[in-house]
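Residue-level structural notes
Spelled out, the chains give:
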Amino acid sequence: MKKTVTFSKDATNIFFHILTNCNLKCRHCYINPEQHGEKSLPSETIEAWLKVFAEKSKDANVIFLGGEPTMHPDLSLAVKKAKVLGYNSITIDTNGYLFNDILSKVTPDDVDYFSFSLDGATRQTNDMIRGKGCYDKCIAGIQKAITKGFHTSLIYTVSTDNILELDLMAPLLEDLGINRFFIQVIGIRGKSAERGRERLQVSRSEWLKIIPVVANKIARLGITVIYPKVYLSLDEPFECAGLVAENYFIFPNGRVYRCPLCEDFPLHSKVFKDNILLNTPKINEYDLFELNIPEGCVMNKLIQPDNLSYKKDGTPEYKVACCMLKEEVRG
Ligand code: SF4
Ligand code: SF4
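Residues numbered from 1 in each chain as written. Chains lettered and ligands numbered in written order. Predicted model: local features only at pLDDT ≥ 70, side-chain atom pairs only at ≥ 80, totals over all residues.

What follows deals with the overall build of the chain. In terms of regular secondary structure, the chain is built from 12 helices and 15 strands. Over its C-alpha trace the chain gives a radius of gyration of 19 Å, about what one expects of a compact globule, namely 20 Å for 331 residues. Counting only C-alpha atoms and orienting by the principal axes, one finds that the chain spans roughly 60 × 50 × 35 Å. Across the 331 residues in the chain, those meeting the buried criterion constitute 42%. By sequence separation, contacts in the chain at least 24 residues apart represent 73% of the contacts at least 6 residues apart. (Helix = DSSP H or I, 4+ residues; strand = E, 2+ residues; numbered from the N terminus. Rg over C-alpha atoms; globule rule 2.2 N^0.38 Å. Buried ≥ 20, exposed ≤ 12 C-beta atoms within 10 Å, placed from the backbone. Contact = placed C-beta atoms within 7 Å.)

Now the structure itself:
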């Protein structure tokens, strides 16, 4: 059963980068130290910022990210604090190295999901993208988390480097016992933006031919599959999550974005100063959200226009959806 997960103002999602440091150097890493800082947030600051969002919404979900969040020695304290503050769900995104013995410091009651990143069904492809040894480390991390009773997700960032292995993920996910599978589009930001004109995003025809078929195949194994909708026909409604949803992407330098595609630029609409969340002056991302263009997402047109296509009269052939609009398929 497939459904489009529409945006909701009722749920707040906090994507909390508690540090930007990482043990890996993935080819597509979106972390941009110049824009996001290089600090590891002190425990008291993490707690203070978590409190701000818990007070703002009774139904907030938090996703701890980095860099590699398990490199933060106080991640377990942050998880416990989020629990006490009443966060609706707590997720840890990890590259699988699981530093600081994190699986022994939190329990499946504390953490709803450990979300692992793997970008290839084979060791060769994954390690070409993420670095030598990562495949084995990630698989071992997943197995350890499942043995300890944690729910697990796997995130696969699709690019021209690995789309042909997506189909091979089905047996691997089933063997491992993964609960949810997230397919993402590679964003042209961070290191990917530095790779210039190299074609990293797959074409619209490849995306539409491969992704829904693989998603259905994996869902039939009893695994929930979530993938971005990406393309809208001209008569489908377009919504910008920056205007109609409550997603916050927090970085250690205090910047808070509403749109992940803005993260390479000083366009954040909020900022933490002395642990108080303030609005930033114009011009910021909000000024872009409000632009109404026939191509759909404004930031897509600005930073990854190669995925647009136009008719002879100059009008777009289709729209590009907000990157946060997802399809969810369950078997
Ligand atoms: S694991 Fe994540 S933060 Fe670390 S290098 Fe890879 S993409 Fe960047
Ligand atoms: S990705 Fe596009 S549509 Fe979504 S929040 Fe950003 S600007 Fe808005």
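After presenting the structure, the write-up continues.
Attention shifts here to the site of ligand 1. In the vicinity of ligand 1, the residues found are Cys-22, Leu-24, Lys-25, Cys-26, Cys-29, Ile-31, Gly-66, Gly-67, Glu-68 and Asn-95. Considering only residue class, the shell around ligand 1 consists of five nonpolar, three polar and two charged. (Near = placed C-beta within 6 Å. Nonpolar A, V, L, I, M, F, W, Y, C, P; charged D, E, K, R; others polar.)

Tracing the backbone shows Pro-212 in helix 9 (residues 204–219). In this structure Pro-212 comes out as partly exposed when scored by C-beta crowding, with 15 C-beta atoms within 10 Å. The sequence separation of Pro-212 and Val-329 amounts to 117 residues, and the corresponding C-alpha distance is 9.0 Å.

Of all residues adjacent to ligand 2, which total 14 residues, the nearest are Cys-240, Gly-242, Cys-259, Cys-297 and Cys-322. Listing elements by their share of the shell around ligand 2, those giving two or more residues are helix 10 (241–244), helix 11 (285–289) and helix 12 (298–303). Ranked by residues supplied to the shell around ligand 2, first place goes to helix 12 with three residues. Here the shell around ligand 2 is composed, by residue class, of 12 nonpolar, two polar and no charged.

Another aspect to go through is the packing of helix 2 (residues 43–56) against helix 3 (residues 75–84). For the pair helix 2 and helix 3, the least separation of the axes is 10 Å and the interaxial angle reads 25°. In this view, helix 2 runs roughly parallel relative to helix 3, as classed from their interaxial angle. When you trace helix 2 past helix 3, the crossing you get is right-handed. Here Ser-43, Ile-46, Glu-47 and Leu-50 of helix 2 come into contact with helix 3, specifically with Leu-77, Ala-78, Lys-81 and Ala-82. Tallied by class, the residues present in the contact of helix 2 with helix 3 amount to five nonpolar, one polar and two charged. (Axes fitted to C-alpha atoms, helices over the stretch in contact; angles between N-to-C directions. Parallel < 35°, antiparallel > 145°, perpendicular 65-115°, else oblique. Left-handed = near helix turned anticlockwise from the far one by under 90°.)

That's the geometry; what it means functionally is another story.
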